[in-house]
Amino acid sequence: MAITLEQLNSAPADQAAHMLDGLYEHSPWIAQAALGQRPFASLAQLKHAMARVVAAAGRDAQLALIRAHPELGGKAMVDQTLTTESSHEQNRAGLTHCTPAEFARIQDLNARYTPKFGFPFILAVRGPRGTGLSRQQIIDTFERRLHGHPAFELQECLRNIHRIVELRLNDKFGVEPVTGNLVWDWHEELAQFSDAGYRERGQLTVTYLTEAHRACAAYLQAQMRACGFDDVVIDAVGNVVGRYDADKPDAKTLLTGSHFDTVRNAGKYDGRLGIFVPLACVRALHAQGRRLPFHLELVAFAEEEGQRFKATFLGSGALVGQFDPRWLDQLDTDGISMRQAMAHAGLNPADIAGLQRDPADYLGFVEVHIEQGPVLNELDLPLGVVTSINGGVRYLGDVIGTACHAGTTPMDRRSDAAAAVAELILAAERRAAQDGDSVATVGQLMVPNGSTNVVPGRCQFTLDLRAPNDAQRDAMVADVLAALAEIAERRQARYTLEQTMRAAAAPSAPAWQQRWERAVATLGVPLHCMPSGAGHDAMKLHELLPQAMLFVRGQNAGISHNPLESTTSDDMQLAVDAFAQLLDQLAAEY
């Protein structure tokens, strides 16, 4: 029989500890320590409390916890000496039914992993949806993590242990993230559409107005209609726009959404999570026959990534009146212009100007997005509230020194262009670190016509500088550019620097940020506020409307723009619940 939180909160200490038996493998001390923080408002709060106990326990206790777990497909499984919980999980993942080749591969990986790290490989084999990873997914993950850094791998094992515990908690309390599972499944269904050349390699790539892009739009349009939106259209720039009407026609509108295009060889959740979370909320409202006192407009933005054409935020930019007609003549790598691509998709560029929204009609803009970074994952927190979207400046640089013989030119007679840029990289890294939340990146570095035995006479590079507010960004830019000038002068080199992008920071509107904070707190999830280092559609809507964002934790150290991008259906459920809470707050205020 399932346990309830009320029972756990009110039970005597020894009885409560018994209720949580079997969560952490042979380590009852974790639950016992966490129970001192009762009462718990949610399972997410209980899970986080236990994770904090582990984090504070020290390295020796953490190692003991990891070593208490059996090897995957190891001796304990063969000898049938696993705990009931581990036996169930390994059996559910099919590890008891490996082919001889799979079993031999797992044994070889165990034999290499454990001596290297000093503890067994830990993986939550029930996976992000709780239904189990395939044996091949397990083996692929094992092989990838075998090459990790020991310090990182220890933490990754602990994170997987906490995920195992989350799933075991669900079992004990009879909880299933039903809506989170639905949202997870929607992502899988949408990911079936991928551009030609990538689809055949099993990679996800959806660029603006390709066949796969149009198929995504059609899928989203059908889902919006099925979930109860009153009006669904594909607008002149290719956005899919759904509207759920208020109980009064003259009400204002809350705008939400994110993008459905992707980078090349992408993950499944970037942008798309911000479409499916509000979609799930409208589905629930429609099922209840409930109307809000404001209209809800969901926009699946057609383009944000700038992958096919040299223009970004085409979808959200059109809503704020920033679609540049000159973009229509840009050509993709196949020589197709944006104008031609739009005509092929049945879009009329002449209608784009009419997409600009009137801020007088709107309450604001909110966006849900996967974090795309490691912070929430490291803190074991499912949700984060965004304080500001970083402002950024990008440059294309070229340092010119003197190409000369690598063997005959003394070190103190050189004007090495590559060494100058290398020094700039370190200077930028040091300067960004001074702020704590600024970032500086040299993402591209090229020595044209370089040779092994020639001192580089030229080095081309990119420079990306970002900070949570414009003043902080501009101070860092000034210092980094001064460092470049000093380095070039000292090394007797010259340089050119072209600014290729400048975007203002987009601080969250205080009232909207507070709504997200209250929504998260209502769920019993510890509150964490953080800046966004990545750009989002919200930073374009910020120019027209008050905005605020909610982040959802990513798995695999929060990696994004990568097939390893992942999140769990449990975290998706919490995001849906938080969005529903925000809608309820706004309805009460309206």
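Cut-offs used in this document
Residues numbered from 1 in each chain as written. Predicted model: local features only at pLDDT ≥ 70, side-chain atom pairs only at ≥ 80, totals over all residues. Heavy atoms only, no water. Helix = DSSP H or I, 4+ residues; strand = E, 2+ residues; numbered from the N terminus. Rg over C-alpha atoms; globule rule 2.2 N^0.38 Å. Buried < 20%, exposed > 50% of the residue type's maximum accessible area, 1.4 Å probe, protein only. Contact = heavy atoms within 4.5 Å. Areas by Shrake-Rupley, 256 points an atom, 1.4 Å probe, with all protein chains shown as cover. Lys, Arg positive; Asp, Glu negative; His and termini not counted. Charge placed at Lys NZ, Arg CZ, Asp CG, Glu CD. Salt bridge = Lys/Arg side-chain N within 4 Å of Asp/Glu carboxyl O. 1 Å grid on protein atoms, 1.4 Å probe; cavity = no way out; pocket = protein on both sides within 12 Å on 5 of 7 lines; lining within 4 Å. Points joined across faces, edges and corners; volume = space filled by probe spheres on them. Nonpolar A, V, L, I, M, F, W, Y, C, P; charged D, E, K, R; others polar. Core = buried A, V, L, I, M, F, W, Y, C linked by side-chain atoms within 4.5 Å. Pairing = 2+ DSSP bridges. Expected span 1.5 Å × (residues − 1). Polar contact = N/O pair within 3.5 Å; in protein donor to acceptor, adjacent residues only side chain to side chain. Axes fitted to C-alpha atoms, helices over the stretch in contact; angles between N-to-C directions. Left-handed = near helix turned anticlockwise from the far one by under 90°. Parallel < 35°, antiparallel > 145°, perpendicular 65-115°, else oblique.

**A short note on the overall build of the chain**
Within the chain, the regular secondary structure consists of 21 helices and 16 strands. Relative to the 2.2 N^0.38 estimate, which gives 25 Å for 590 residues, the radius of gyration of the chain is 26 Å and therefore close to what a compact globule would have. In terms of principal-axis extent, the alpha carbons of the chain reach across some 75 × 75 × 45 Å. Looking at the chain as a whole, 54% of its 590 residues qualify as buried. Look at the contacts in the chain between residues 6 or more apart in sequence, and 78% of them connect residues 24 or more apart. For the chain, the accessible area works out to roughly 24,800 Å², and carbon and sulfur atoms hold 51% of it. Taken as two groups, the 53 positive and 70 negative side-chain charges of the chain have centres that lie 3 Å from each other.

**Focus: the environment of Tyr 269**
Secondary-structure assignment places Tyr 269 in the loop between strand 3 (253-259) and helix 13 (273-288). Relative accessible area serves as the criterion here: at 3%, Tyr 269 is assigned to the buried category. The spatial distance from the C-alpha of Tyr 269 to the C-alpha of Cys 281 is 18 Å, given a sequence separation of 12 residues. Once you skip the residues sitting within four places of it in the chain, Tyr 269 turns out to touch Trp 184, His 187, Glu 188, Ile 370, Glu 565, Ser 566, Thr 567 and Met 572.

**With respect to the pattern of salt bridges**
Summed over all chains, the structure comprises 40 salt bridges. Note that Arg 339 and Asp 329 form a salt bridge whose closest N and O atoms lie 3.1 Å from each other. Linking Arg 339 in helix 15 (residues 338-344) with Asp 329 in the loop between helix 14 (314-319) and helix 15, this pair joins segments that are 10 residues apart in sequence. Relative accessible area serves as the criterion here: at 40%, Arg 339 is assigned to the partly exposed category. It is possible to trace a salt-bridge network through shared partners that takes in Lys 47, Arg 163, Glu 166, Asp 380, Arg 553, Asp 570 and Asp 571.

**Overview of the layout of surface pockets**
Taken as a whole, the second largest pocket encloses approximately 930 Å³ of empty space. Lining the second largest pocket are 39 residues, and of these Pro 128, Leu 133, Gln 137, Asn 556 and Ser 566 lie nearest its centre. If you list the elements that add at least two residues to the lining of the second largest pocket, you get helix 9 (135-145), helix 10 (150-173) and helix 11 (178-190). A total of 5 residues in the lining of the second largest pocket trace back to one element, the largest contributor, which is helix 9. The class makeup of the residues in the lining of the second largest pocket is 11 nonpolar, 17 polar and 11 charged.

**A word on the nonpolar core**
If you look at the biggest cluster of nonpolar residues, it comprises 80 residues, and the most contacted ones within it are Met 342 and Trp 516. With 10 residues, the single largest contributor to this core is helix 21 (residues 569-589). Excluding anything up to four places from it in sequence, Trp 516 contacts Val 366, Glu 367, Val 368, Val 385, Ala 548, Met 549, Leu 550, Ala 578, Phe 579 and Leu 582. Within the second largest apolar cluster, 51 residues are counted, among which are Leu 5, Leu 63, Cys 157 and Phe 173.

**Quick word on the environment of Tyr 395**
By the element assignment, Tyr 395 lies in strand 7 (residues 391-400). What makes Tyr 395 buried here is its relative accessible area of 7%. Sequence separation of Tyr 395 and Thr 500 is 105 residues, and the distance between their C-alpha atoms is 5.3 Å. In contact with Tyr 395, other than residues within four places in its own chain, are Phe 461, Thr 462, Leu 463, Leu 465, Val 477, Leu 481, Leu 497, Glu 498, Gln 499, Thr 500 and Arg 502.

**Overview of the pairing of strand 6 (residues 383-389)**
Of all the 7 residues making up strand 6, 6 are buried; the element is thus mostly covered by neighbouring parts of the structure. The pairing of strand 6 with strand 16 (residues 547-552) spans 3 bridges and is classified as antiparallel. Counted as the bridge partner of Leu 383 is Val 552 from strand 16. Sheet topology places strand 6 next to strand 15 (residues 529-532); 3 bridges connect them, and they run parallel. Bridge assignment links Ile 389 to a residue of strand 15, and that residue is Ser 532.

**Regarding helix 18 (residues 470-490)**
For helix 18, spanning 21 residues, the distance from its first C-alpha to its last is 30 Å, which sits close to the expected 30 Å at 1.5 Å a residue. Buried residues in helix 18 make contact with strand 7, helix 17 (417-435), strand 9 (439-441), strand 12 (458-467) and strand 13 (494-503). Put simply, Asn 469 is the residue that caps the front of helix 18, since its side-chain oxygen is 3.3 Å from the backbone nitrogen of Ala 471. Count one or two residues on from helix 18 and you reach Gln 492, which has phi positive near 55°.

**Regarding empty space enclosed by the protein**
One pass over the full model with this rule turns up 2 cavities of 30 Å³ or more. As for the largest cavity, its lining consists of 13 residues, and the residues nearest its centre are His 69, Leu 72, Ser 86, Leu 123 and Ile 164. Within the residue set of the lining of the largest cavity, elements represented by two or more residues are helix 7 (84-92) and helix 10. Looking at the lining of the largest cavity, the element that brings in the most residues is helix 7, giving 3 residues. Residues that form the lining of the largest cavity fall into these classes: 8 nonpolar, 3 polar and 2 charged. Estimated volume of the second largest cavity: approximately 80 Å³. Per-element tally for the lining of the second largest cavity: the top contributor is helix 10, with 4 residues. Residue classes in the lining of the second largest cavity are distributed as no nonpolar, 4 polar and 7 charged.

**Some thoughts on unusual backbone geometry**
Here Arg 38 and Pro 39 are connected by a cis peptide whose omega angle stands at 5°. You will see that Leu 209, though not glycine, has its phi angle at about 65°, which is positive. Structurally, the position occupied by Leu 209 is in the loop between helix 11 and helix 12 (211-226). Of note in the backbone geometry, Phe 313 takes a positive phi value of approximately 55° without being a glycine.

**Some details on the side chain of Gln 330**
You can see Gln 330 is positioned in the loop between helix 14 and helix 15. Setting aside anything within four residues of it in sequence, one finds Gln 330 in contact with Phe 309, Lys 310, Ala 311, Ile 336, Ser 337 and Met 338.

**So, the packing of helix 4 (residues 43-56) against helix 10**
For the pair helix 4 and helix 10, interaxial distance at closest approach is 10 Å and the crossing angle is 145°. When the axes of helix 4 and helix 10 are compared, the crossing they make is right-handed. Across the interface between the two elements, Leu 43, Leu 46, Lys 47, Met 50, Ala 51 and Val 54 from helix 4 touch Leu 158, His 162, Val 165, Glu 166, Leu 169, Asn 170 and Phe 173 from helix 10. Across the contact of helix 4 with helix 10, the residue classes tally to 9 nonpolar, 2 polar and 2 charged.

**Thoughts on the packing of helix 13 against helix 21**
When two helices pack together, their arrangement is captured by the angle between the axes and the distance separating the axes. Closest axis-to-axis distance for the helix 13/helix 21 pair is 9 Å, and the angle between their directions is 60°. Looking at the two axes, helix 13 sits oblique to helix 21. Crossing of helix 13 over helix 21 shows right-handed handedness. Along the contact surface, helix 13 presents Leu 273, Val 277, Pro 278, Ala 280, Cys 281 and Leu 285, while helix 21 presents Met 572, Ala 575, Val 576, Phe 579, Ala 580 and Leu 583. Residue composition of the contact of helix 13 with helix 21, grouped by class: 12 nonpolar, no polar and no charged.

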